[in-house]
Amino acid sequence: MADEPLRLRIAEICDALRRTNHYVHTPEELSFGARIAWRNHARCVGRLTWKSLRVHDHRHIAAPAAVLEQTMADLKAAFNGGQIRSSISIFAPATDKSLPSTFESSQIFRYAGYATADEGVMGDRANIELTHTARQLGWQPPETPGPFDLLPVILRDQNGGRHAFAIPPSTAREVLIEHPTRPDLAALGLRWYAVPIVSNMALTIGGIDYPCAPFNGYYLATEIASRNLVDAKRYDLLEPIAHALGLVTDAHGPAFWKDEALTELNRAVLHSFEKAGVRIMDHHEVSAQYMNFMQLEQRAGRTASGEWSWIVPPQASAGCPTFHLPMTNLHAVPNFYHSRYIDGGTLRLDRTHMRDGKWRSRYERLKRRWRDWRRRRDRIWQRS
Ligand code: ARG
């Protein structure tokens, strides 16, 4: 923006803030802010394409049912026949007077987790509480509950009341997991939904918070194959998967069967998504992309925030270039956060460029002094 319109806009915002403690973003500010929030978010390894984020402006929508309906409509466009596009749907902002509807579900698609009679768990351990809440809100699990039962989406309305909405399973476009050469894996009946839509993070732009702003990208195979299906606190399936792949899970010697099973499961997830025509990436490809992103940011004179334990993949870590990078999280705004008391409390303006400025001006001052001193010395020498 040119200087004069920018000055006017800032004056307008300051005035609105003084009067109402709030201001309304223009559609351009909203789109730009959402993209910068993505660019600033230290935990995302897929930020190379931040400029292409599709931003849907739904600030006029506030009721829970309408919020969900619109999110599902935007999902159709994001799915794009399998060529998934990264997008965000932004609903009403929070103000002093009102909190809009928000998602309680951490993602739109979540699989139930049930406690079983033998003190075990069937399904996704991460969603045991959500499953319990859904039941209390009247949701009935299928007659024979399974490990991949889609939960209803749970939202809170303006008054904090909870609502559960069942979604048609077909919207999840699940991919059945099979291995390209080892047919026994398919018999485990593993599956995963096509599009991750994170729904419980607030977007913050220029001091305005949008607590209802679900966003989607596309999957990285490791998210499903190295974490969701195998983490002890998720599906915990590494051993049965290893057996299905024909590996011997011998208790003696190094447990390399784990490494092998993880690699083969990654291969299977990539193969299955590709076969189903659903966009997915592997960790080597995305790590290379991230290096590219870092370089472009550096060239633009910015410091890219990164959180090492989130950026470095859980597979072949040191075999990926990101492993060898120092990373810092500047917690710059705009950004996404979960809670003001946890990750939101550390967010602040990125002042690194000002620090650079401070050092640069010190350096310039020293250089000037040195130059003056030399001139004076030369004058003295000429005199003598
Ligand atoms: N890790 C989460 C999951 O496994 C998804 C987070 C977002 N991932 C993404 N590729 N945009 O469901």
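Position labels on residues start from 1 in each chain and follow its written sequence. Two thresholds apply to this predicted model, a pLDDT of at least 70 for residue-level local features and 80 or more for giving and counting side-chain atom pairs, whereas whole-chain, interface and lining totals are computed over all residues.

Moving on, we get to the site of the ligand. Whether a residue is near a molecule or strand depends on its C-beta atom, generated from backbone atoms, being within 6 Å of that molecule or strand. Residues in close proximity to the ligand include P196, V198, G217, Y218, Y219, L220, E223 and N228, which together make up its full environment. Secondary structure counts use DSSP, requiring at least four H or I residues in a row for a helix and at least two E residues in a row for a strand, with both numbered from the N terminus. At the level of elements, β14 (219–220) and α5 (221–228) are the ones that each hand at least two residues to the shell around the ligand. Three residue categories are used. Nonpolar comprises Ala, Val, Leu, Ile, Met, Phe, Trp, Tyr, Cys and Pro, charged comprises Asp, Glu, Lys and Arg, and polar comprises the others, including Gly. Partitioned by chemical class, the residues of the shell around the ligand number 5 nonpolar, 2 polar and 1 charged.

Taken together, 3 strands build an open sheet; the order of strands is β3-β6-β7 and the sheet is antiparallel. Where the open sheet ends on each side, the last strands, each with one partner, are β3 (102–103) and β7 (162–165). Any two strands with at least two DSSP bridges between them are considered paired. Pairing of β3 with strand β6 (residues 153–156), which is carried by 2 bridges, proceeds in the antiparallel orientation. Counterpart to F103 in the pairing with β6 is L155. Here, residues touch in the contact sense if the C-beta positions derived from the backbone fall within 7 Å of one another. Axis definition: a line fitted to C-alpha atoms, over the contacting stretch in the case of helices. Angles run 0 to 180 degrees between N-to-C directions. Contacting β6 and β7, helix α3 (residues 64–79) runs over the sheet at an angle of about 135° to β6.

Moving on to unusual backbone geometry. The general pattern is negative phi for most residues beyond glycine and trans for most peptide bonds. V333 connects to P334 through a cis peptide bond whose omega is -5°. Locating P334 in the fold gives a position in the loop between α9 (308–311) and β16 (335–337). At R173, a residue that is not glycine, the phi angle is positive and equals roughly 45°. Considering the arrangement of structural elements, one finds R173 in the loop between β7 and β8 (175–176). Neighbour density around each residue's C-beta defines its exposure: 20 or more other C-beta atoms within 10 Å make it buried, 12 or fewer make it exposed, and counts between make it partly exposed, where C-beta atoms are placed from the backbone. According to the C-beta neighbour criterion, R173 is partly exposed, with 17 such atoms within 10 Å.

Okay, the nonpolar core next. Counting 73 residues, the largest nonpolar core has V195, L203 and V269 as the members making the most contacts within it. Tallying contributions element by element places helix α7 (residues 256–275) first for this core, with 7 residues. Excluding its chain neighbours within four sequence positions, the residues that come into contact with L203 are A34, A37, I90, Y210, A213 and F336. Under the definition applied here, buried Ala, Val, Leu, Ile, Met, Phe, Trp, Tyr and Cys residues are grouped into a nonpolar core through C-beta atoms within 7 Å. Among the nonpolar cores identified, the runner-up in size contains 8 residues, and V45, F293, M294 and C320 belong to it.

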